[in-house]
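# Coordinate analysis (summary)
Now for the letters of each chain:
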Amino acid sequence: GAEGAGEAAWPWRLSALRGGAARTAVDDGQLVQLLDERGGFTNASLSRYLAQHGLARDANYSIVSVLGPQSSGKSTLLNALFGTRFDVMDAARGRSQTTKGAWAGKAKGRDTVILDMQGTDSREGGEDSKSFERQSALFALAVSDTLVINLWVHDLGRYNAANLHLLRTIIEVHLRLFGAGRRRLLFLCRDHVRSVTPMAALERMVRADLDKIWAEVPKPKGLERSPLDAHFDVQVTSLPHFEHEKAAWQAEALLLRPLLEWRATAKPSVPADGLEPFARSVWDTIVAERDLDLPSQREMLARFRCGEVADAAVGAVRNATGPLVRALLAGGEPVANLGVRLGSLLNASLSRYERVAALYDPAVAAAKRAELRARLTEAASSVLEKQLDAAVRRAERVHAASLAAAAESNDLELPDRVLKAEAAAASAYAAIAKDAAPGAEGGWDFSGALAAGETALRARLERLDANARREAADATVVEAKAALAARIEPRALALMKAAPVDLWARLAKGRASALANASQELSADLRMLRVASKQMEGALAELAAESRAAVVRAARAEAEHVQEKMRRRFETLFAKDEAGLPRVWQRSDDVNSLCSAAQEAARRYLELLSVVPAEGGFPALTLVADETKVGLLQNLILEARSSFLSAQQAQLSLSPKSRIPLWMFALVGFIVARELLGFIPSFLLPGFVVQLLTIFVFASVALIVLANTAGPRVVLGALGLVSPAAARVAERALAMLGLSGEEAVGAQIEAGPRRAKAAKTRRSAPAAAADESSRDAAADFSD
């Protein structure tokens, strides 16, 4: 219902239609008429009016106007919100036109200018008022910051009743004439029962109508892709029924003021004293715009009837193709003979339109026919697109089956397999696409949909081919990494077991050689798969990392048992002879030198395996921590001490031969010789000769005794330092007595270089064998 109210409710309401005097251009100092009902701009001074009512030249003002059907409560709303005195309808006297033309007022106590526009669709105006309605609506949109579209909630969804036809026209012309700037469109839905229709539903309906209008209106050059929100801030709100819920209506109406007093810019684009000439200039421009003239009644009828028949034709096509679309959307198989079926349906729909449209204005009928063709093409294209999607799905299956069959037979390289699969998929698609669209004999053009389908097919096949190549490339990289690891890791382990002094240099050289060969093979394989250079670089980097990882894995495996391997290395050098047999300790063996050499070899082995050094951009990696190394070396010292003591005990426990010791014979001989020399007369042997013989016998006995106690090597070594000649004589004497072997005695007599050289030879023999083993292990590192 209209929100007209009695005088008790709105005391400022005037009674122009109840016998009172008609309003003048300036009414009681409260309102000013800008446009009369005939479309003329009045002589009233808007600038003087605004100045008199306190709107300064530099005021930060905004302009609000309201548009809507006659008697929809526009003036009542403005009066309630802004304290103005616009005429409102007296519902007791019937519904009639109240506001004529366009009236302006200033909000009470606020810097807001209000425009109350003549209602649309009035009985008094009739057909002659349609052009003015469009002109005044466009005027309100052009000069206002906020345009309120006042409508009843039950008119939503109706094209004419909701003034959407008017809104479409003014938006189109506004873009052409006044394209710059942004306005707020506030859709105010009256008599809203929120328990019946949620607010969100109203917003969706309004937004859908506006989006459709925006998509349909032609846009000036440069604004073709401009969105609706770039030009209009769309707001949707509602009010309850004025008569039935008056208290709620008044309370909620006051809450609308912040929505209305809005401006897109911080300052007004036109100063207050320039508003009147600006509004007059806008009106002159609008009046000169021919596109706002209304068509004739015959054209109106032709548009309505042709549009109605066209809508029915499009609906029939959509109803007929709906089951097909749903089936195709569900992943169904392509429809057989779809092009023939669509062609028959489209031609029949167009023929029905032609029979009806022939009765109406030819120009309108022709224009609607072009629109209908476009709409029918769009409706059929939706089916065609789903058919082509199904064709693409079938092509994908054919592509996958072809690749699988080629892989199973293994008779082609991957590039040839891919080309064969592409050809099979394209053939399967073409078999469906050739019958999917109606023929050209009906004038239908579906080339765009067919081209889009082919583009989608090519894109899909390219993705499938890329996936196949990528999977093959990934598998190739995995195989190359596994082969490289299998080539490096066992050889690295063998080299680490030998532990030569230049272990890591040999490993680096071997790894680089193996990596170079593997990289060359992988690059060739990836180039055959047409792998991009960036992806190939990544694959080669992975291969290099794997080569380093193989060396690290081998080092970790060797370092896990480093203590046991240190013990074995010590035992090999200390407890075994040059032939690798358990050493039988002799009294002549230098236990101390052998133990020191074996300990040094075990310590060097630990140092080699403690850290993997940095190489080729890869950082160093610690395998054995410093604190762990300290413990291992302490354990080595304990084990070496135990082995050393055992060797010494073995030397000391050597049993003498089961006969009287030579030194005892020497002692007895010395005593006997001394007694005999005492009986020789002095005239036969002088006394000094007897003393010399006694000293010789004593020295011989002492040599025999010392050789048996301390060992021939020690005695001869000490004697050689005093007199090499005496040492040689003693050596021959001991040799005749069987107290020393030739090799041991000779080593002791050569007091300097010969003894050191012999000891070094004995110590380095196992190490030399280990170095020879390491060279054999690394000889085929990169084979």
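Conventions adopted
Residues numbered from 1 in each chain as written. Predicted model: local features only at pLDDT ≥ 70, side-chain atom pairs only at ≥ 80, totals over all residues. Heavy atoms only, no water. Helix = DSSP H or I, 4+ residues; strand = E, 2+ residues; numbered from the N terminus. Buried < 20%, exposed > 50% of the residue type's maximum accessible area, 1.4 Å probe, protein only. Contact = heavy atoms within 4.5 Å. Areas by Shrake-Rupley, 256 points an atom, 1.4 Å probe, with all protein chains shown as cover. Salt bridge = Lys/Arg side-chain N within 4 Å of Asp/Glu carboxyl O. Pairing = 2+ DSSP bridges. Core = buried A, V, L, I, M, F, W, Y, C linked by side-chain atoms within 4.5 Å.

What follows is about the overall build of the protein. Of regular secondary structure, the protein possesses 24 helices and ten strands. The buried share among the 783 residues of the protein stands at 44%. In the protein, the proportion of contacts linking residues at least 24 apart, taken out of those at least 6 apart, comes to 77%. Of the roughly 40,100 Å² that the protein leaves accessible, carbon and sulfur atoms contribute 56%.

So, on to the pattern of salt bridges. Following the criterion strictly, the structure yields 25 salt bridges and no others. One salt bridge in this structure joins Lys629 and Glu607, with 3.2 Å as the shortest N-O distance. Of the two residues, Lys629 is situated in helix H18 (residues 626-652) and Glu607 in helix H17 (residues 591-610); the sequence distance between them amounts to 22 residues. For Lys629, a relative accessible area of 14% translates into the label buried. Owing to a relative accessible area of 37%, Glu607 belongs among the partly exposed residues under this scheme. Here the salt bridges do not stand alone but share partners, grouping Glu564, Arg567, Arg568 and Glu571 into one network.

Even without a glycine there, the phi angle at Asp191 is positive, about 60 degrees. Mapped onto the elements of the fold, Asp191 is located in the loop between strand S7 (183-190) and helix H5 (199-216). Judged by its relative accessible area of 11%, Asp191 falls in the buried class. For Ala499, which is not glycine, the phi dihedral falls at a positive 50 degrees. Along the polypeptide, Ala499 turns up in the loop between helix H13 (447-498) and helix H14 (503-528).

Once that is clear, we can look at the environment of Lys212. Secondary-structure assignment places Lys212 in helix H5. Residue classification places Lys212 among the exposed positions, given a relative accessible area of 56%. Lys212 sits 44 residues away from Arg168 along the chain, and the two C-alpha atoms are 9.6 Å apart.

For strand S8 (residues 232-238), a buried count of six out of seven residues is recorded, marking the element as mostly surrounded by other parts of the structure. As paired strands, S7 and S8 are joined by seven bridges and run parallel to one another. Bridge pairing links Arg184 to Asp233 in S8.

On to the nonpolar core, then. Among the nonpolar cores identified, the biggest contains 58 residues, and Leu46, Tyr61, Leu115, Phe139, Phe187 and Phe232 are the most heavily contacted of them. Here this core takes eight residues from helix H3 (residues 130-143), the largest share from any one element. Phe232 has contacts with Leu141, Ile171, His174, Arg182, Arg183, Leu185 and Trp214, leaving out every residue within four places of it along the chain.

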